[in-house]
Amino acid sequence: EAAVTQSPRNKVAVTGGKVTLSCNQTNNHNNMYWYRQDTGHGLRLIHYSYGAGSTEKGDIPDGYKASRPSQENFSLILELATPSQTSVYFCASGDGAGGDGAETLYFGSGTRLTVL
Amino acid sequence: GDSVTQTEGLVTLTEGLPVMLNCTYQSTYSPFLFWYVQHLNEAPKLLLKSFTDNKRPEHQGFHATLHKSSSSFHLQKSSAQLSDSALYYCALSDGGTGSKLSFGKGAKLTVSP
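Residues numbered from 1 in each chain as written. Chains lettered and ligands numbered in written order. Predicted model: local features only at pLDDT ≥ 70, side-chain atom pairs only at ≥ 80, totals over all residues. Heavy atoms only, no water.

**Student:** Help me understand the pattern of salt bridges, please; the structure alone is not making it clear to me.
**Tutor:** Once the charged atoms of two side chains with opposite charge are near each other, the side chains can pair. Residue and element names in this part refer to chain A. Scanning the model with the defined rule gives 5 salt bridges over all chains in all. For the salt bridge of Arg36 with Asp38, the shortest nitrogen-to-oxygen distance reads 2.7 Å. Taking relative accessible area as the criterion, Arg36 reaches 8% and is therefore assigned buried. With relative accessibility at 14%, the residue Asp38 sits in the buried group. The shortest N-O distance in the salt bridge between Lys65 and Glu79 comes to 3.2 Å. (Salt bridge = Lys/Arg side-chain N within 4 Å of Asp/Glu carboxyl O. Buried < 20%, exposed > 50% of the residue type's maximum accessible area, 1.4 Å probe, protein only.)

In structure tokens:
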């Protein structure tokens, strides 16, 4: 039973179109994150949230918006998709400081987005 | 700002040989260091983490010692297995709730018979 579920698993979009990537977590974690994964760049943080109604910009937020309508759901929105946004996108929930002060992230299985 | 430099790209090993993936970091504070592993078509997941200087956490045969004097957190395993083939990320945070992780660029380890 996956605790972080992303949808869709694969998506093909056209340049200029709107894309919404969805993430649902059943971990009851306050913190959620969106990363993109590209060869040669690793995992880069796009947006994150500390709880329902909050969103924060990560390291590469340009061209992306985020929405956190509830504790469980965190969406990534590409209003005007471009080919440079072709990537694999990972959502994660974080357990806060945890017992030892270090937050552990729990990732979903990813969404492969291709923008033509 | 905080940053991580790790062994990058493709790393190919023969089964039974030792694994060593390097990770060094720059941080203003006293950071937490992590290794995440991602097997093919799976989600990244935590392998190891440490905050304490010279402490050596272990998991699934892997270990890494945080050396603050050299700002390093190298991942090691004495004998590689075929199932160790995966993408490995070193990551850093300055600790605490909601502290963002900074990931290295990743190393793809392939273990062959």
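**Student:** What is the right way to look at the interface of chain B and chain A in this model?
**Tutor:** Of the residues lining the interface, 21 residues belong to chain B; the matching set on chain A comes to 24 residues. Contact between chain B and chain A buries roughly 1800 Å² in total, counting both sides, with carbon and sulfur atoms accounting for 54%. Between chain B and chain A we count 0 salt bridges in total. Taken together, the connections running from chain B to chain A amount to 5 residue pairs in polar contact (both at pLDDT 80 or more). Sorting the residues of the side of chain B that touches chain A by element identifies strand E5 (32-38), strand E6 (45-50) and strand E10 (86-93) of chain B as the ones contributing at least two each. When grouped by side-chain class, the residues that make up the side of chain B that touches chain A number 10 nonpolar, 7 polar and 4 charged. (Contact = heavy atoms within 4.5 Å. Buried area = accessible area lost by both parts, 1.4 Å probe. Polar contact = N/O pair within 3.5 Å; in protein donor to acceptor, adjacent residues only side chain to side chain. Helix = DSSP H or I, 4+ residues; strand = E, 2+ residues; numbered from the N terminus. Nonpolar A, V, L, I, M, F, W, Y, C, P; charged D, E, K, R; others polar.)

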